[in-house]
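Letter by letter, the chains look like this.
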Amino acid sequence: MARGGRGRRLELALGLLLAVVLAPPALRAKPTVRKERVVRPDSELGERPPEDNQSFQYDHEAFLGKEDSKTFDQLTSEESKERLGKIVDRIDSDGDGFVTTEELKTWIKRVQKRYIYDNVAKVWKDYDRDKDDKISWEEYKQATYGYYLGNPTEFHDTSEHQTFKKMLPRDERRFKAADLDGDQTATREEFTAFLHPEEFEHMKEIVVLETLEDIDKNGDGFVDQDEYIADMFSHEENSPEPDWVLSEREQFNEFRDLNKDGKLDKDEIRHWILPQDYDHAQAEARHLVYESDKNKDEKLTKEEILDNWNMFVGSQATNYGEDLTKNHDEL
């Protein structure tokens, strides 16, 4: 959650930084509900919420992506089924007439990756100032921090000054890690790694380090239980902690603090935020197959998918907004 703007210039200068996955807590309002720190390889997908039989929103976003799920929400059932049929043909990669769990998983991963590259494409021109199809560190620095660097007195002794002072070297460090050939310019793939480090194996250490720096308020190089909780929950004086906070304290003791020394080191943080033992796309694919597989042969026909269209793409809306469905490109 981004904190409300404290001036248009700061808003413009931060720009895309507010959308970066691991932006510092100084740029975020303290949430009063649980904040998810765990980084998923399919980061847009996130955690499945507690089951709600009245809504398939999680399934829609997993299967279509957030933007396309909004488009489908405006379609009639007939239009949704027609488009879904075309998607099924694409998912069935071997053309045998069946959609397997593996084919569904591949599709879901593809959908969840797409938003990342779409995001980079949207902002690319804002940073590639000389239009050479690369973004240098200087271009990025000037686009993001130029006003601050050119007018330092306006930010003197302000929280914004401290924010910029912290983020500039941090961004430079991340940029260098993403710049694999070390030429101080980023290709589209390198810039994608810069903006979305959680998606790239060679950037995982940066993700761990930035997480540690965000949460470690006393600067001892570790995350203790109070720091762990403070990153998720802003405690109001004289108010009891919610049950989920007490549960998180137990999680810290039982599952996060692996060596039981009362604090998390880098390895334990990595184990926490970059779990290797759970694949959300695989779990969602299995869920969709289980719920739609009428004959229990562990694969889906187009008919089975269309019979359960509402889980895949259907909308709960009653007003379809017909004008919004015109001229949409097919997926």
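All residue numbers here refer to positions counted from 1 along the written sequence of the relevant chain. Predicted model: local features are reported for residues with pLDDT of at least 70 only, side-chain atom pairs are reported and counted for 80 or more only, and whole-chain, interface and lining totals are derived from all residues. To obtain the side-chain values, all non-hydrogen atoms of the structure were included, while hydrogens and water were left out.

Where an unreviewed UniProt entry is consulted, the chain appears under the name Reticulocalbin-1, with the organism given as Camelus bactrianus.

> Break down the confidence of the model for the chain for me, citing the residues and quoting the values.
When pLDDT is averaged along the chain, the result is 79; 74% of the residues meet or exceed 70. In the model, residues 1–34 has pLDDT below 50 throughout and makes 79 contacts with residues more than four positions away in sequence or in other chains. Every residue in residues 48–54 scores below 50 in pLDDT, and together they form six contacts with partners more than four places removed in sequence or on other chains. The pLDDT value tells you how sure the predictor is about a given residue, anywhere from 0 up to 100. Any two residues having at least one pair of non-hydrogen atoms within 4.5 Å are treated as being in contact.

> Tell me about the side chain of Glu-199, and please be specific about residues and values.
Note that Glu-199 resides in the loop between helix 8 (188–195) and helix 9 (204–215). A relative accessible area of 12% places Glu-199 in the buried class. Under the rule applied, a polar contact is a pair of N or O atoms within 3.5 Å (in protein, one hydrogen donor and one hydrogen acceptor; residues adjacent in sequence only if both atoms are side-chain atoms). Here Lys-113 takes part through its side chain, which lies 2.8 Å from a polar atom of the side chain of Glu-199. Elements are defined by DSSP. Helices are runs of H or I of four residues or more, strands are runs of E of two residues or more, and each kind is numbered from the N terminus. The buried label applies to any residue whose accessible area, calculated with a 1.4 Å probe on protein chains only, is under 20% of its type's maximum; exposed applies above 50%, and partly exposed to all values in between.

> Any chance you could break down the nonpolar core for me, citing the residues and the numbers?
Tyr-127, Ile-135, Tyr-140, Tyr-145, Phe-191, Phe-194 and Leu-195 are the most contacted members of the largest nonpolar core, which has 22 residues in total. Counting residues per element, the ones that place at least two in this core are helix 5 (101–127), helix 6 (137–150), helix 7 (159–178) and helix 8. Broken down by element, the residue count for this core peaks at five residues, all from helix 7. What Ile-135 contacts, discounting residues up to four positions off in sequence, is Trp-124, Tyr-127, Asp-128, Tyr-140, Phe-175, Thr-185, Ala-186 and Phe-191. Among buried residues, the Ala, Val, Leu, Ile, Met, Phe, Trp, Tyr and Cys ones that are joined through side-chain atoms within 4.5 Å form a nonpolar core.

> Account for the pattern of salt bridges, with residues named and values stated.
The salt bridge criterion pairs a side-chain nitrogen of Lys or Arg with a carboxyl oxygen of Asp or Glu, the two atoms within 4 Å. A complete count under the given rule lists 18 salt bridges for this structure. Two residues, Asp-279 and Lys-109, come together in a salt bridge whose shortest N-O distance is 3.5 Å. Remark: Lys-109 occurs in helix 5 and Asp-279 occurs in the loop between helix 12 (266–273) and helix 13 (280–292); sequence separation between them is 170 residues. Residue class for Asp-279 comes out partly exposed when judged on its relative accessible area of 27%. The partly exposed category is assigned to Lys-109, whose relative accessible area is 30%.

> Which residues make up helix 9, and what values do they have?
Residues three or four positions apart in an α-helix share a direction because the helix packs 3.6 residues into each turn. An expected span of 1.5 Å times one less than the residue number is assigned to each helix. Taking 1.5 Å per residue, twelve residues should reach 16 Å; helix 9 reaches 17 Å between its end C-alpha atoms and fits that length. Counting buried positions along helix 9 yields nine of twelve residues, so the element is predominantly enclosed. Among all positions of helix 9, only Lys-204, Ile-206, Val-207, Val-208, Glu-210, Thr-211, Leu-212, Asp-214 and Ile-215 are buried. Check the buried side of helix 9 and you find it contacts helix 7, strand 4 (223–224), helix 10 (225–230) and helix 12.

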